[in-house]
Amino acid sequence: MILYFLRHAEAEAGGDRLTAGGEAAMRAAGGLWRRLNLRPEVVLSSPLPRALQTAELVREGLALSDPPVADQRLSPGAEWGDLARAMAEHARSRSVLFVGHEPDLSRIVQQLTGAASVRMRKGGLACVEFYGIPEAGTGELAWLLDPDLYALEEE
């Protein structure tokens, strides 16, 4: 199973909507994501507007047919158990992309992989692979994309 963790892009001071730069970064990321063969079967997002807007830009960038699913369990303060329960409602999906917040996502990636430290910047994306059921300490961090890479896509 493959789980992806995407921190929402840069948001305005109030935090409701993405900045123009945050939106541009997510649009620029699409090409890189496609080259990495990022193909989530379902996109689960925090219901906050900045996360939902980020999730929608992922859908557009990857040309996914299904819209993101807003799930209250991905709101700020989410823990791995919350994400696992949200994912369980999509049990047939073998690849899931979560769009959420900090420090939740860094902490969850650390918990799943046993990493000493993980830092998810705004717009950062992590890929964690599992050979069985996703559980704490059993995941392998396949890659972690820094959002500065997206700017290189625009050049």
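Residues numbered from 1 in each chain as written. Predicted model: local features only at pLDDT ≥ 70, side-chain atom pairs only at ≥ 80, totals over all residues. Heavy atoms only, no water.

Student: Is there a simple way to think about the sheet that holds strand 3 (residues 69-70) in this case?
Tutor: Hydrogen bonds between backbone groups are what pair the strands of a sheet, and the pairing can be parallel or antiparallel. The sheet built from 6 strands is open, its strands ordered 3-2-4-1-5-6 with mixed pairing. Two strands bound the open sheet, and with one partner strand each, they are strand 3 and strand 6 (140-145). Contacts from helix 4 (residues 104-113) reach strand 1 (2-7), strand 4 (95-100), strand 5 (125-129) and strand 6, with the element oriented near 155 degrees to strand 1. (Pairing = 2+ DSSP bridges. Helix = DSSP H or I, 4+ residues; strand = E, 2+ residues; numbered from the N terminus. Contact = heavy atoms within 4.5 Å. Axes fitted to C-alpha atoms, helices over the stretch in contact; angles between N-to-C directions.)

Student: How should the nonpolar core be read in this particular structure?
Tutor: Leu-6, Trp-33, Leu-38, Leu-97, Val-99, Leu-125 and Tyr-150 are the most contacted members of the largest nonpolar core, which has 23 residues in total. Looking at this core, the elements that each hand over two or more residues are strand 1, helix 1 (20-35), helix 2 (49-62), strand 4 and strand 5. If you look at the next biggest cluster of nonpolar residues, it comprises 22 residues, including Leu-3, Ala-78, Val-96 and Leu-105. (Core = buried A, V, L, I, M, F, W, Y, C linked by side-chain atoms within 4.5 Å. Buried < 20%, exposed > 50% of the residue type's maximum accessible area, 1.4 Å probe, protein only.)

Student: Looking at this model, I keep getting lost on the environment of Met-87. Mind explaining?
Tutor: Relative to the assigned elements, Met-87 resides in helix 3 (residues 80-88). Put simply, Met-87 and Leu-44 are 43 residues apart on the chain and 7.9 Å apart in space, counted from C-alpha to C-alpha. Those residues in contact with Met-87 that sit more than four places away from it in its chain are Met-1, Leu-3, Leu-44, Trp-80, Val-96, Phe-98 and Pro-134.

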